[in-house]
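Coordinate analysis (summary)
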Amino acid sequence: MSKEVIKAIIYCRVSSMRQVTEGHGLDSQEQRCRNYAQNKGYEVVAVFHDDGVSGGLFDRPAMIDLISYLDEHPTEKFVIIFDDLARFARDLEVHLKLRTELKGRGAQLECLNFTFEDSPEGEFIENVLASKAQLDRQQNRRQVIQRMKARLESGYWAFGSPPGLQMIKDLIHGKFLVTREPYSSIYKASIEDFANGLLQTIEDFRQNVLRRYTE
């Protein structure tokens, strides 16, 4: 009698869109998880990617879809694989809530760098590592805020590029804004029209910009 193949679901997450577009983080996570599943003899039946979503959130699009997938297959048992404990969650409360939601649906959690154990000692270690992931997230956020504040105090723009402008790198000044033609001139002219009363609404402004683009 052949042994029943265990069905696996892969979950991947990165916290920034830059990781999605430049770092290939999701692809590498998925590949490592697929290699793990293959070595275990699991059949991967679904993959869920959260693109640019914080691990401090419970309501993530792909995670919600994963939970819905489990609800749609209530009689089946799945192993949920993720690359790193911090990919699962970077907040202790969220970690515990997700763990409860998934295990309550009969899913078994497996992580490439951590072994879940149903023992007081295993639970303690898991909570410590989840708390460490939360600390890392909070410290990273604080450092980002401090760097942005320092840039603003030095007279530099520290946010995303406004329309018509772009960020460039300089050895002395770091990243700073410069005009991006012809878009800069188009937005400048439309803003001046709005200020002079030639445009009355945001829709007028938008149509004016589009018209200038096509001229």
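Before reading further, recall that the structure is shown in the block above.
The structure reproduced in this document is the subject of the present report. Everything numeric here is computed off the predicted structure, so don't read it as measured data.

Cut-offs used in this document
- Residues numbered from 1 in each chain as written.
- Predicted model: local features only at pLDDT ≥ 70, side-chain atom pairs only at ≥ 80, totals over all residues.
- Heavy atoms only, no water.
- Axes fitted to C-alpha atoms, helices over the stretch in contact; angles between N-to-C directions.
- Helix = DSSP H or I, 4+ residues; strand = E, 2+ residues; numbered from the N terminus.
- Left-handed = near helix turned anticlockwise from the far one by under 90°.
- Contact = heavy atoms within 4.5 Å.
- Nonpolar A, V, L, I, M, F, W, Y, C, P; charged D, E, K, R; others polar.
- Salt bridge = Lys/Arg side-chain N within 4 Å of Asp/Glu carboxyl O.
- Buried < 20%, exposed > 50% of the residue type's maximum accessible area, 1.4 Å probe, protein only.
- Pairing = 2+ DSSP bridges.
- Phe/Tyr/Trp six-rings, centres within 6.5 Å; stacked < 30°, edge-to-face > 60°.
- Lys NZ or Arg CZ within 6 Å of the ring centre and 35° of its normal.

**Thoughts on the packing of helix 7 (residues 183–195) against helix 8 (residues 202–214)**
For the pair helix 7 and helix 8, interaxial distance at closest approach is 10 Å and the crossing angle is 140 degrees. Note on packing geometry: the crossing formed by helix 7 with helix 8 is right-handed. Between helix 7 and helix 8, the residues in contact are Y183, I186, Y187, A189, S190, I191, D193 and F194 and F205, N208, V209, R212 and Y213, respectively. In the contact of helix 7 with helix 8, the residues fall into nine nonpolar, two polar and two charged.

**Examining the pattern of salt bridges**
This structure, assessed with the given rule, holds 12 salt bridges. Two residues, R32 and D83, come together in a salt bridge whose shortest N-O distance is 2.8 Å. One end of the pair, R32, is in helix 2 (residues 25–40); the other, D83, is in the loop between strand 3 (78–82) and helix 4 (85–88), with 51 residues separating them in the sequence. With a relative accessible area of 11%, D83 lands in the buried category.

**Some remarks on the pairing of strand 5 (residues 165–170)**
Alignment of strand 5 against strand 6 (residues 174–179), held across six bridges, turns out to be antiparallel. Note on strand 6: the bridge partner recorded for M167 is L177. Counting the residues in the hairpin turn of strand 5 and strand 6 gives three residues.

**Quick look at the packing of aromatic side chains**
Under the criterion given, the structure shown has eight aromatic pairs. Centroid distance F114 to F116: 5.2 Å. Interplanar angle 90 degrees. Geometry classified as edge-to-face. Note on F116: relative accessible area 17%, which makes it buried. Among the aromatic residues, ring-to-ring pairing joins F82, F88, F114 and F116 into one connected group. One cation-aromatic arrangement involves K97 over F58; the distance from NZ or CZ to the ring centre is 4.2 Å. For R151, the ring lying beneath its charged end belongs to Y156, and the centroid distance is 4.0 Å.

Keep in mind these values describe shape, not function.
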